Each structure stands twice: as C-alpha cells, then as structure tokens.
Amino acid sequence: MDTIASLFAFITTPVSWVIVQFHKLYGAIFGPDTGWAWGLSIVSLVVLIRICLIPLFVKQIKATRNMQALQPKMKAIQERYKSDKQRQSEEMMKLYKETGTNPLSSCLPILAQSPFFFALYHVLSKIAEGERIGALNQQLVDSAREAHIFGAPIAAKFTDSPEKVEALSASLTDVRIVTAVMIILMSASQFFTQRQLMMKNVDLTVKTPYMQQQKMLMYIFPVIFAVMGINFPVGVLVYWLTTNVWTMGQQMYVINQNPTPGSKAQDAYLQRLLKSVTHHGEVRGRGRKRVVKAIVAKGSDRNENERRFFAGLAKAGFAAQPDGTVIKSDTVSAEAEGGAGTRRQQPKRQTKAQRQAAAAQQAKEAEDAASTAEATAGDKPAPSLEKDTKPQAKGAKPGAQDATDKPARPSRANSGGARQGKSGQRKGQQRPKHPSSKK
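Rules used in this analysis
- Residues numbered from 1 in each chain as written.
- Predicted model: local features only at pLDDT ≥ 70, side-chain atom pairs only at ≥ 80, totals over all residues.
- Heavy atoms only, no water.
- Helix = DSSP H or I, 4+ residues; strand = E, 2+ residues; numbered from the N terminus.
- Buried < 20%, exposed > 50% of the residue type's maximum accessible area, 1.4 Å probe, protein only.
- Contact = heavy atoms within 4.5 Å.
- Areas by Shrake-Rupley, 256 points an atom, 1.4 Å probe, with all protein chains shown as cover.
- Core = buried A, V, L, I, M, F, W, Y, C linked by side-chain atoms within 4.5 Å.
- Axes fitted to C-alpha atoms, helices over the stretch in contact; angles between N-to-C directions.
- Parallel < 35°, antiparallel > 145°, perpendicular 65-115°, else oblique.
- Nonpolar A, V, L, I, M, F, W, Y, C, P; charged D, E, K, R; others polar.
- Polar contact = N/O pair within 3.5 Å; in protein donor to acceptor, adjacent residues only side chain to side chain.
- 1 Å grid on protein atoms, 1.4 Å probe; cavity = no way out; pocket = protein on both sides within 12 Å on 5 of 7 lines; lining within 4 Å.
- Points joined across faces, edges and corners; volume = space filled by probe spheres on them.
- Patch = residues over 30% accessible without salt bridge, like charges linked within 9 Å, V, L, I, M, F, W, Y side chains within 5 Å.
- Salt bridge = Lys/Arg side-chain N within 4 Å of Asp/Glu carboxyl O.
- Phe/Tyr/Trp six-rings, centres within 6.5 Å; stacked < 30°, edge-to-face > 60°.
- Lys NZ or Arg CZ within 6 Å of the ring centre and 35° of its normal.

1. Focus: the overall build of the protein chain
Part 1: A count of helices and strands for the protein chain gives 18 helices and 4 strands.
Part 2: Taking all 439 residues of the protein chain together, 36% fall into the buried category.
Part 3: Sequence separation of at least 24 residues holds for 63% of the intrachain contacts in the protein chain that already meet a minimum separation of 6.
Part 4: When the accessible surface of the protein chain is split by element, carbon and sulfur atoms take 58% of a total near 27900 Å².

What follows is the structure, given as structure tokens:
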C-alpha cells in the first residue's frame, strides 16, 4: 500500500494544504489538537472532492443506464459471433460508438477520487512516523499525532503492534474497537448503497447478465473493503466512510428525482407526481415537466408505470400535453369513467361447480312445471267411451258388428253439452243430434 501511495506523491501537497486550511477553521472552534478539528478536516476534504466530482457522477448514471439498455443487443452480438472474438469486439465497439456509450464512464468517480485517497493515505502514514509532508510542518504533524477520534489516533491501524499504538499515546483495545466499528459501518454503507440501486432503480422487466454482475458486486465489494480496511489508518477509514455515506445520500436523491424507466423507483415517483397534479391542477417544476414531456414523446413505447400514470391523469380529468403541461379535459374524464363503468357491468366468470348447480336448478324447475301441467290436464272430463248396445238389425252386413264394438266417437253436440254443463255460459242454437246417437 505504501508503494502505491508513493506513486501519487505529486498530489500530497494539494491534499495536505486543503487539510491545513480546514484545520485552521475547525481548530478555532474545537481546539487545534483535538480529534474533532482533524477529523472534520478530513470529512470536509471528502465533501469538497465529491462536489467537484458531481459532473462525473452524472455521467456515471447515464452510462449505467445506457449499459442496461444495451444489454439485450450486446447479448445478441455475443451469440451471433460466438466463434469470432475479433468480429464480436468490433461489433461491440460499433454499438458503443452508435449509442454514444462509454463502458468506463461508470467507473469515473472511483477512478477520479483514487489519487486523493492514496494521497491522504500517504499523508497519514507520514504523520504516524512523525515526518513532515507537503503543507504540514512539524508542529502540525505533532498536533495530528496527538489527535484522537473516540480514543484512537487518526494515524493508527487495526494491525498496528501494541508498541506502535503506545507510542501514539493510545491503547490497542481502543484502536481495534474504533477501527472495527468503522470497518463494519464502511462495509454496511457500501452494501446498502449497492442494494438500493439494484432493488429500486433497475428495470426488473429486462433480465440481463449485467444485473447478475451487479448482484455479485453487491456482496463482493463489502468483503473487499472489510479485508482492506484492517490496513487503513483511522483517518483513511473516516475518509472512506464519509465518501460512502455521501454516495448513498447522493444516490437516494437521484433515485427519487430521476429514476430509471421501468423500475420501482419510477413507479413511486410517478405516483407522487400524479398526486401533485391532482392536488394543484398543474405540473410544478421544470424537472417534472421534462419527465412528462419525455413520457408523452414515447407514445406507444411507454412502459407499464407510465401507462398507469396516464390512466390516473385521465381518470382525474387531465390530459398531458407535448410540452410537459396538463390541461383539464372533461372528455378524457368521461371516457375513463365510461370505460370503468363498462368493465363493472361485465358478469363475473362462474366456476364449474356454480354452472353445474345452475343447470340442476333449471332441470328441477322444468320437471316441476311438467308435473303441474299433467295435474291440470287430469281435472278435465274424459271423452265418452260408451258402446252402442242396440242389437244388430236383420240383414246387416257381416262386418257391421265389428264397427259397433268400437268406442263411439263423441259428437260435437255431446261435447258441447258437456262443456255447457261445466261452464253454464254457452249460448246459441244447438246442432241436431246424429240419427245413430242415443236419444
């Protein structure tokens, strides 16, 4: 580590000068030899560096999103040119050039702050040895050696020997407890930062190898920092813990204000935007107007979160405009309500058991109706089956007896009389009786 830090010795003078300027400010408040003065100087150095790296952080976000969007195309190129590695590399570079994507952009913030990190490590190592370095004279070096953060000198390490720790006017137990707590906090903040990126700000509808790589890094990075942390001085642990907390807060802000399309964070953002539009009747803020404008421009390519947002606007009676504003529209509201009413009128689908029960009920009702009809028909008088008992006349034909044995057909008069007797209301002239009928 000392060899690597010496490679960045050219930047130790600017880093040490910044620390000295912040130490003058905090020394006037907390005292020049206190751990608060030196610790806050290191924290302020981190904040200053990270503010300067904000443009690179924005490029990192854009590069990460572009890489996520390109993963399906990259996978197709790898499968198409599986046997030709050279052609595969050429097509990849062509894809990066066409889309304006730089794979190294996602690593820019880490690469940019690495020189400052190693320069600070080099400065703290020299302080532990009691040697002057950069803008730190011997008086400031001695003051820094005596500064303790929660009982641990800022130049002490977890792996230092008891003699070296005693030379810094501290106990080995205090040093190891403080460094262990800082290492745990540093690893936990790194894990949480990566986890909120994977769980909230990634489009889960697209499954790519990039997501698997990010999940692996989510578990690998904290382990790497934990292993390396035992060789970091307390001051460097303060530096790295501060930059992790800064990254976590900065990322939370970006996720809340500019989430990745298709992610859970975008759904939550659009729901908050919908509530704001419904409450105020307009889109407030230029950033929100840009978001609505971009969604309108997508047209039919909107994702599920964006379609749900537009449906909510229509239900509330608003219509989004191409410039990112919204207008009140009764037509859109009526269409949304009419469509909802039509959907509510559709009958629910019945289960198989419900359909069988309904069929059995219908069959039972039909059987009961048939039984009622038969009972009603049985109450009417049966037609007369009386046979003609008159003896056969002389000279009658041989087959006449067979004819007389058959039941006599009731005449219309008789049936009419029966009906008249039953109802007692039939009027009019009666037909004459047939000669063959009884008198």
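2. Digging into the nonpolar core
Part 1: Counting residues in each nonpolar core, the largest one holds 47 residues, and the members touching the most others are Trp38, Leu136 and Tyr239.
Part 2: For this core, the secondary structure elements donating two or more residues are helix H2 (12-30), helix H3 (35-52), helix H6 (108-129), helix H7 (138-146), helix H9 (172-200) and helix H11 (234-257).
Part 3: By residue number, the principal contributor to this core is H6, which donates 9 residues.
Part 4: Excluding residues within four positions of it along the chain, Tyr239 makes contact with Ile42, Val46, Ile49, Gln113, Phe116, Phe117 and Leu120.
Part 5: By size, the runner-up hydrophobic cluster in this structure holds 15 residues, among which are Tyr269, Leu273, Leu274 and Val296.

3. Quick notes on the packing of helix H13 (residues 286-298) against helix H14 (residues 304-315)
Part 1: Relative orientation of the contacting elements H13 and H14 amounts to 105°, with a least axis distance of 11 Å. When the axis of H13 is compared with that of H14, the two are roughly perpendicular. Contact with H13, carried on its side by Val292, Ile295, Val296 and Lys298, involves Glu306, Phe309 and Phe310 of H14 and no other residues of that element.
Part 2: Of the residues assigned to the contact of H13 with H14, the class counts are 5 nonpolar, no polar and 2 charged.

4. Observations concerning H7
The α-helix advances 3.6 residues per turn, and as a result positions three or four apart in sequence lie on the same side.
Part 1: Burial in H7 covers these residues: Leu140, Val141, Ser143, Ala144 and Arg145.
Part 2: Put simply, Asn137 is the residue that caps the front of H7, since its side-chain oxygen is 3.2 Å from the backbone nitrogen of Gln139.

5. Some details on empty space enclosed by the protein
Part 1: Inspection of the entire model under this criterion finds 1 cavity of 30 Å³ or more.
Part 2: Approximately 50 Å³ is the volume found for the largest cavity.
Part 3: Lining of the largest cavity is provided by Ile19, Trp38, Ser41, Ile42, Leu120, Val123, Leu124, Ile127, Leu136 and Ile154.
Part 4: Every element with two or more residues in the lining of the largest cavity is listed here: H3 and H6.
Part 5: Here the lining of the largest cavity is composed, by residue class, of 9 nonpolar, 1 polar and no charged.

6. A few points about the environment of Ile42
Part 1: Secondary-structure assignment places Ile42 in helix H3.
Part 2: Distance in space between the C-alpha atoms of Ile42 and Gly235 is 7.2 Å, their sequence separation being 193 residues.
Part 3: Aside from chain neighbours lying at most four places away, what touches Ile42 is Leu120, Gly235, Val238 and Tyr239.

7. Focus: a nonpolar patch on the surface
Part 1: A contiguous nonpolar surface patch, about 460 Å² in accessible area, is contributed by Leu25, Ile29, Phe30 and Trp36.
Part 2: With 3 residues, the single largest contributor to the nonpolar patch is H2.
Part 3: Within the fold, Leu25 resides in helix H2.

8. A word on the packing of aromatic side chains
Part 1: By the definition in use, this model includes 11 aromatic pairs.
Part 2: Plain terms: the ring middles of Phe117 and Trp240 are 4.8 Å apart, the flat faces sit at 65° to each other, and that makes the pair edge-to-face. Taken together, the positions of Phe117 in helix H6 and Trp240 in helix H11 put the pair 123 residues apart, joining distant regions of the chain.
Part 3: Phe117 gets classed as buried once you look at its relative accessible area, which sits at 7%.
Part 4: Members of the aromatic cluster, joined through ring pairs, are Phe117, Phe118, Tyr121, Phe225, Phe232, Tyr239 and Trp240.
Part 5: Sitting above the plane of the Phe310 ring, Arg302 keeps its charged end 4.2 Å from the centroid.
Part 6: Above the plane of the ring of Phe318 lies Lys328, whose end atom (NZ or CZ) is 4.6 Å from the centre.

9. As for the pattern of salt bridges
Part 1: Summed over the entire model, instances satisfying the criterion amount to 8 salt bridges.
Part 2: The partner of Arg284 in a salt bridge is Glu282, and the shortest N-O contact between them spans 3.4 Å.
Part 3: Exposure remark for Arg284: the relative accessible area of 44% places this residue in the partly exposed category.
Part 4: Here Glu306 ties to Lys298 by a salt bridge, and the two come within 2.7 Å at their closest N and O atoms.
Part 5: Residue classification places Glu306 among the buried positions, given a relative accessible area of 1%.
Part 6: A relative accessible area of 31% means that Lys298 is categorised as partly exposed.
Part 7: Connected via shared salt-bridge partners are Asp267, Glu304, Arg307 and Arg308.

10. Some thoughts on unusual backbone geometry
Part 1: Even without a glycine there, the phi angle at Phe150 is positive, about 55°.
Part 2: With relative accessibility at 68%, the residue Phe150 sits in the exposed group.
Part 3: Positive phi is not limited to glycine here, since Ser169 has a value of about 60°.
Part 4: Tracing the sequence through the fold places Ser169 in the loop between helix H8 (162-167) and H9.

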